[in-house]
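Residue-level listing of the chains:
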Amino acid sequence: MTCKRLASQLALVIATLLPLYYLRFHIGGLPTNLIEVLVVLQLVLTVVGYRRLSLPNFWPILLIVLGVVLASFFALDQRVAFGIVKGWFVVPLIYYACLNTVFPPDQRHVFIRPLLISLVLVSLYAIGQYFGLIPLLNHQLPEAEQYLTQGRAIGFFESPNFLAMYLVPLTLLAGGYIILMKKFRACWWLILPLTVIVLSQSQAGLLALGFGIVWLWLWQSSRQNTPSRSQLTGWAIGALAVLLVMWRWVDDPARLLIWKNTWVMIREQPIFGIGPGQFQTIFSSLSDQSSQYVAVAPYALHPHNLFLNFYLSAGLAGFTGFVWLLVTSGRDFFRETFRSPLALVASAAIVAVLVHGLFDSTYFKNDLAIIFWLLVFLVSNGYKESNAHRA
């Protein structure tokens, strides 16, 4: 088997096994995990097989990397910060570059099957754990016990929200593609992840799922042209409804306190931010030790907002690069008059990530970071898949 063939197969294996980044170990004193090792192997096979690496969106990515590296130099705990840079930025971007090198647009649909397998396996594990058939893992203790006591599914992860953040975008991606391609026999498999998303009781996850479904429905109904005025009106009404729901959720003293202190951090470090992995430490230093702060502190691991988290973790440069990337991807999507099913479902998944990101940090985790760059890979130039089939 050639290096090119091995590189393509390994990329699919990595997509299937993403939750196994919890299998951590050391190599030569360097902390790492199974997914990082597989991505490095992916890099070697890709470079040997193709003699090159392709990195679209180079300038936005350069700003993101530059921003997060500079922020890490100014972080209180540089060891933690640079460890996060490795796991949440460098490794996912290596994977992204390998994907763009190995898979031309007309072959990118091959990711649907491994992602569906991953969804089913994670969902089965979560259901077994929910009914007491599977014990908690070491990395979940002791916090996860309270969630099971509350009747919330958690799966491999530390919280139900992490479970929803994993399942929702991939369910929209794989499930949407199955439906658009009219492979209705495979729809039965979607019952499992949808059930587990409900069992997670993640309100933000359910909102993101609903928003993604509406997005997919609107664009699918007008795939070969821009949406009609009535469809845009329907979308605006739906967006207004979401904003009203958001307003109700924002009326949460804990979240408001976290966001208030996030803005304090941004005002104090507007250029470089505080660096990745520093939020809880600085949040605690800002507290007045009141009962409200003491109650909120254990949940203040991050700003509970994707955009605020990006600003604090990567500074102004990294935040600018992130927004630039989103604008570029959105511009390319809206400009095309014919969008492939894969591009449509990937766009719906990204929308879900961003909507959920209004209430949580839907990027800053090993598996979520790779999912994000996988979605960017699938949505960019995805229309060429359809054009290739029609040619």
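Being a predicted model, the structure only gives us computed values, none of them experimental.

1. So, the overall build of the protein
Reasoning step 1: Across its full length, the protein holds 17 helices and 2 strands.
Reasoning step 2: Considering the protein as a whole, with its 391 residues, one finds that 53% of them fall into the buried category.
Reasoning step 3: For the protein, the exposed surface amounts to about 17900 Å²; the carbon and sulfur share of it is 67%.

2. Focus on the environment of Leu342
Reasoning step 1: By secondary structure assignment, the location of Leu342 is in helix α15 (residues 341-356).
Reasoning step 2: Its relative accessible area of 1% is what places Leu342 among the buried residues.
Reasoning step 3: For Leu342 and Ala174, which are 168 residues apart along the polypeptide, the C-alpha to C-alpha distance reads 9.1 Å.

3. Quick notes on the nonpolar core
Reasoning step 1: Ranked by internal contacts, the top residues of the largest apolar core, which has 97 residues, are Tyr95, Phe111, Leu173, Phe310, Tyr363 and Trp373.
Reasoning step 2: The element contributing the most residues to this core is helix α7 (residues 160-180), with 13 residues.
Reasoning step 3: Of all hydrophobic cores here, the second largest spans 16 residues; its members include Ile282, Val296, Ala300 and Leu312.

4. A look at the packing of α7 against α15
Reasoning step 1: Where α7 meets α15, the axes come as close as 8 Å, and the angle between the chain directions of the two elements is 160°. With respect to α15, the element α7 is oriented roughly antiparallel. The element α7 and its partner α15 pack so that their crossing is right-handed. For the pair α7 and α15, the contacting residues are Asn161, Ala164, Met165, Val168, Pro169, Leu172, Leu173, Gly176, Tyr177 and Leu180 in the first and Pro341, Leu342, Leu344, Val345, Ala346, Ala348, Ala349, Ala352, Val353 and His356 in the second.
Reasoning step 2: In terms of residue class, the contact of α7 with α15 is built from 17 nonpolar, 3 polar and no charged.

5. Here's the deal with the pattern of salt bridges
Reasoning step 1: Summed over all chains, the structure comprises 3 salt bridges.
Reasoning step 2: Close ionic contact of Arg331 with Asp332 constitutes a salt bridge, the shortest N to O distance being 3.5 Å.
Reasoning step 3: Exposure remark for Asp332: the relative accessible area of 28% places this residue in the partly exposed category.
Reasoning step 4: Ionic pairing is found between Lys365 and Asp367, a salt bridge with its closest N-O pair at 3.0 Å.
Reasoning step 5: Owing to a relative accessible area of 5%, Lys365 belongs among the buried residues under this scheme.

The rules we used
Residues numbered from 1 in each chain as written. Predicted model: local features only at pLDDT ≥ 70, side-chain atom pairs only at ≥ 80, totals over all residues. Heavy atoms only, no water. Helix = DSSP H or I, 4+ residues; strand = E, 2+ residues; numbered from the N terminus. Buried < 20%, exposed > 50% of the residue type's maximum accessible area, 1.4 Å probe, protein only. Areas by Shrake-Rupley, 256 points an atom, 1.4 Å probe, with all protein chains shown as cover. Core = buried A, V, L, I, M, F, W, Y, C linked by side-chain atoms within 4.5 Å. Axes fitted to C-alpha atoms, helices over the stretch in contact; angles between N-to-C directions. Parallel < 35°, antiparallel > 145°, perpendicular 65-115°, else oblique. Left-handed = near helix turned anticlockwise from the far one by under 90°. Contact = heavy atoms within 4.5 Å. Nonpolar A, V, L, I, M, F, W, Y, C, P; charged D, E, K, R; others polar. Salt bridge = Lys/Arg side-chain N within 4 Å of Asp/Glu carboxyl O.

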